[in-house]
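Coordinates in review
Listed below, chain by chain, are the residues.
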Amino acid sequence: MAQKRFTRPVGRRDFLRYAGATGMAVSMAGVLAACREADQPSTGSQGSAQPSFPPIEEEPGGLQVFDWSGYGNGDYYPKEEKKFLWGQYAKATGDTPEFSLFENDDSAYTKVVAGARYDVAHPCGYRYGDWVDLEVLQPWDTSLIPNFSSLNPKLMTAGQFDGQQYFVPLDWGFIAPLVNLDHVDGSDESFGVLFDERYKGKISWIDTLNMMVVAAYYLGIENPWEMTDEELTEVRDFLISKKGLVRFYWNQSYDFWLAFKKGEVWAGYAWPDTVGYADAAGMNYLYMKPKEGRISWVCGLGLFADSQNYRHAHEYVDSWASKEAAEFLLAYYYYGHTNTEADLSVVPDGVREALGLDDPTVLDEPNAHPETRIPRRSVYQQYWSEVQAA
Amino acid sequence: MAATHEVTIADRGWRRRERRATAGLLAGPLLWLLLFFVIPVGFVAAYSVGAVGLFPTDTGVVSLSSWERLLTGGSVYMGLFWKSIRMSLTVSAVVVLVAYPVGYFLALCVGRRKYVLVLLIIAPFLTSYLLRVLAWKVILGDAGVINSFLQWVGLTDRPIEWLLYSQFTVMLVLAYIWVPFVALPVFVSLNNLDPSLLEAAGDLGASRWRTFVRVTLPLSLSGVFAAFLFVFIPTIGEFVTPLLVGGTSGYMYGNAVQDLFTRGLDWQTGSTLALFLLAVVALLMAVFGRFLRLREIAT
């Protein structure tokens, strides 16, 4: 009999019957769980009175930080990132933050929309409005951030919504073409070098829809951040026509740097870190000041509304806002920092000149166009997807 | 009569216990399948018609518009799908051609050390997938091993650019990654071959080539088809390798799905593409299963 039990085949009908029964059981369990949940009173924080936060000793710690690679998790400079970016935080709280990383602003935003939650996150300015609209953040109490007074007040406005400081802008930089002058003619400084037939196979674009904006500036479109469908079509078709010139799209700035250093590409969409690496390597480079204007970006920390580490988070952002953190970013990443007390001499002369760090108007129009919120971002993305898929 | 009645009752009791045992054994796998496949696919289907929305920009209107755009040629993704099919077919065919002799050699030509060699074949799996892909960047780059050698011997005066960041690179790296996977099922099917059949063919005067064509190959076809599917199905949806070494021309269907989900803010189209791929793969499996009659080929 036992033999019979384990050798009788389970037919398709049997299988479907058991599958149906399993499905029914799971569905009922789901319905019952939902009913039970509906019966319970809401414990959400919406609509509650002005919250009061417990002292830092009563917070759980283990601050959850959602950030770019190399911004504290030790990917690039294990000792220095810890020492300069959150050493002050560790000293003040005795806590070690836990890092979750994102590759770019779009993937970070998507993760949060899909339900991921942390204590602090580090998106860039053109996405701030989208994050605030999600209602997942709460404003900072700047009185708990002693270094806040050292930060550039003009740049702080980028993080303000409804008169409250939802983000503390910290690091800033540019988007402009970086070219190898051994192979590329640098006399005409323009985004056009990224679409120049002469450098076919030696160009690298970034793998985000920012290429749509860059192309729009090059094509002279009036407002690249709010293009119409006709303008988007024009930009898409232009990029598709130029796509054959491009060796690869880069996702990590360091990937672009490696290819630039090896001579696999001669020109590319670049952030200031690559400029610093090229300078340190003694390359004959030019970080262009394109006649269309550089694009500038600023990124900073936001605080999640349901964070259980309210005071830890303020200590963390204060650590990031310190002069030491600023000089670390300047010296190691060649990024700007909103702390105005930072000593610019830590930056090599060539890089300081290339980035225009001594020029107080370097971030002003028309020298640079600040990265701006794109209201129809999903539409831009569709057009960019078509460029990639074409 | 009474005895017959007792037997019937005992038989019924036995059947009841058997049904319970079957249900108990199937419950776990079915629950797993339901929770981690059927329900998620149901969610993906709901996203694909807009019944479920995620982003503030999602309208919440249920429509088949993304399906219509995909299936009527209104989007670029169908072209990308065919491109991925072509690339996957090429990779699968090449991999099977390369891996078959390896499996054959291991199963039929090597003596006692065959399992040591099998271990050597699967040794690359002990290293990270990403590392194995990235290693090719060092080999194929402008200053890489191949370009440096070609220039050193004077065969070229400048680096061959299409070696890296091209469709060729994607297919080469995918082939490299999948060869060991494919060699294993081929090895297993050949290793299980009854050697007396080969001896009989020899005794009847068949040459080695004729023995291979008339006996060995047909008997190992089940392994070959399984191996082909092992490569073809995952490579259609591949996105990591194209991302790392594909450049602008190596972009595949899987990259589009990944982009739409992770940063495209368009889960509706992403879900449509993902479900379409799932349907195609399921269809292919059904066709392979029903018309090729793998079991009959094997026996």
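Since the structure is predicted, the reported quantities are computational estimates derived from the model, not experimental observations.

**Concerning the overall build of chain A**
Scanning chain A from N- to C-terminus turns up 15 helices and 14 strands. Taking all contacts inside chain A whose residues are at least 6 apart in sequence as the whole, residues at least 24 apart take part in 74%.

**Side note on the overall build of chain B**
A count of helices and strands for chain B gives 13 helices and 0 strands. N-terminal to C-terminal, the α/β element order of chain B is α-α-α-α-α-α-α-α-α-α-α-α-α. Taking 299 residues into account, the globule formula puts the C-alpha radius of gyration at 19 Å, and chain B, at 26 Å, lies well above it. By the burial criterion, 32% of the 299 residues in chain B qualify as buried.

**Quick look at the domain arrangement of chain A**
Residue and element names in this part refer to chain A. Assigned domains within chain A: domain 1 (57-172 + 297-358) and domain 2 (174-295 + 369-389). Contact residues are listed per partner, giving 16 residues for domain 1 and 15 residues for domain 2. Mapped onto the side of domain 1 that touches domain 2, the elements with two or more residues apiece are α6 (125-133) and α14 (349-355). Here the side of domain 1 that touches domain 2 gets 4 residues from one element, more than from any other, and that element is α14. When its residues are assigned to classes, the side of domain 1 that touches domain 2 shows 10 nonpolar, 4 polar and 2 charged.

**A few points about helix α12 (residues 310-320) of chain A**
Residues and elements named next belong to chain A. Burial runs high along α12: 9 of the 11 residues are buried. Buried residues of α12: Y310, H312, A313, H314, E315, Y316, V317, S319 and W320, and no others. The inward-facing, buried residues of α12 abut α3 (78-85), α4 (87-93), β3 (120-121), β7 (167-180), β12 (294-304) and α13 (323-333).

**Looking at the packing of helix α7 (residues 167-191) of chain B against helix α9 (residues 208-236) of chain B**
Residue and element names in this part refer to chain B. At a minimum axis separation of 8 Å, α7 and α9 run at an interaxial angle of 155°. As far as their axial angle goes, α9 and α7 are roughly antiparallel. Of the two elements, α7 crosses α9, and the hand of that crossing is right-handed. The residues of α9 that touch α7, namely those facing L174, W178, F181, V182, P185, V186, V188, S189 and L190, are S220, S222, G223, V224, A226, A227, F230, V231 and T235. Grouping the constituent residues of the contact of α7 with α9 by class yields 13 nonpolar, 5 polar and no charged.

**Some points on the interface of chain A and chain B**
Taken together, the contact between chain A and chain B spans 34 residues of the former and 33 residues of the latter. Secondary structure elements with two or more residues in the side of chain A that touches chain B: α2 (12-39), α5 (105-113), β9 (246-250) and α15 (377-389) of chain A. Considering each element in turn, the side of chain A that touches chain B owes the most residues, 8 residues, to α15(A). Broken down by class, the residue content of the side of chain A that touches chain B amounts to 12 nonpolar, 12 polar and 10 charged.

**Considering the nonpolar core**
Counting residues in hydrophobic clusters, the biggest one holds 169 residues, and the most contacted among them are V120(A), M211(A), M212(A), V317(A) and V182(B). A per-element tally of this core places α7(B) first, with 15 residues.

**Considering the environment of W136(B)**
Residue and element names in this part refer to chain B. Inspection of the secondary structure assignment puts W136 in helix α5 (residues 129-140). For the pair formed by W136 and Y176, sequence separation is 40 residues and the distance between their alpha carbons is 9.8 Å. Discounting residues that sit within four places of it in the chain, W136 has contacts with V173 and V245.

**Overview of the environment of G125(A)**
All names here are of chain A. Inspection of the secondary structure puts G125 in helix α6. Taking the C-alpha atoms as reference, G125 lies 9.9 Å from V168; in sequence the two are 43 residues apart. Those residues in contact with G125, other than ones at most four positions away along the chain, are A158, P169, W297, V298, C299 and E371.

**Description of the domain arrangement of chain B**
By a widespread convention, an interface's size corresponds to the accessible area lost as its parts come together. Residue and element names in this part refer to chain B. Domain parsing of chain B yields domain 1 (1-48) and domain 2 (64-298). Relative to domain 2, the C-alpha centre of domain 1 lies at a distance of 37 Å. Contacts between the two partners involve 4 residues from domain 1 and, on the opposite side, 8 residues from domain 2. Of the residues contributing to the side of domain 1 that touches domain 2, the split by class is 3 nonpolar, 1 polar and no charged.

**What about the pairing of β7(A)?**
Residues and elements named next belong to chain A. Burial of β7 is extensive: 14 of the 14 residues sit out of reach of the surface. Summarising the sheet, β7 and strand β13 (residues 336-337) pair through 2 bridges and their orientation is antiparallel. Considered in β13, the bridge of W172 is made with G336. Pairing analysis gives 3 bridges linking β7 to strand β11 (residues 285-287), with the strands arranged antiparallel. From the neighbouring strand, N180 faces β11, where its bridge partner is Y285.

**Digging into α6(A)**
Given 3.6 residues to a turn, an α-helix orients residues that are three or four positions apart in the same direction. Residues and elements named next belong to chain A. What α6 keeps buried is the set G125, Y126, R127, Y128, D130 and W131. Summarising the contacts, the buried residues of α6 are in contact with α5, β4 (137-138), β7 and β12. Backbone geometry just after α6 places E135 at a positive phi near 60°.

**Let's talk about the environment of I146(B)**
All names here are of chain B. Along the chain, I146 falls in helix α6 (residues 145-152). Under the C-beta neighbour-count criterion, I146 is labelled partly exposed, with 15 such atoms within 10 Å. Every residue in contact with I146, bar those within four places of it in the chain, is listed here: I139, L140 and L163.

**A look at the pairing of β12(A)**
Residues and elements named next belong to chain A. When you tally the buried positions in β12, you get 11 out of 11 residues, the bulk of the element. Bridging between β4 and β12 involves 2 bridges; their strand directions are antiparallel. Each bridged residue has a counterpart across the sheet, and for L137 the counterpart in β12 is F304. Two elements, β7 and β12, share 8 bridges in a ladder whose sense is antiparallel. Bridging across to β12, D171 finds its partner in C299.

What counts and how
Residues numbered from 1 in each chain as written. Chains lettered and ligands numbered in written order. Predicted model: local features only at pLDDT ≥ 70, side-chain atom pairs only at ≥ 80, totals over all residues. Helix = DSSP H or I, 4+ residues; strand = E, 2+ residues; numbered from the N terminus. Contact = placed C-beta atoms within 7 Å. Rg over C-alpha atoms; globule rule 2.2 N^0.38 Å. Buried ≥ 20, exposed ≤ 12 C-beta atoms within 10 Å, placed from the backbone. Domains from an automatic or database assignment. Nonpolar A, V, L, I, M, F, W, Y, C, P; charged D, E, K, R; others polar. Axes fitted to C-alpha atoms, helices over the stretch in contact; angles between N-to-C directions. Parallel < 35°, antiparallel > 145°, perpendicular 65-115°, else oblique. Left-handed = near helix turned anticlockwise from the far one by under 90°. Core = buried A, V, L, I, M, F, W, Y, C linked by C-beta atoms within 7 Å. Pairing = 2+ DSSP bridges.

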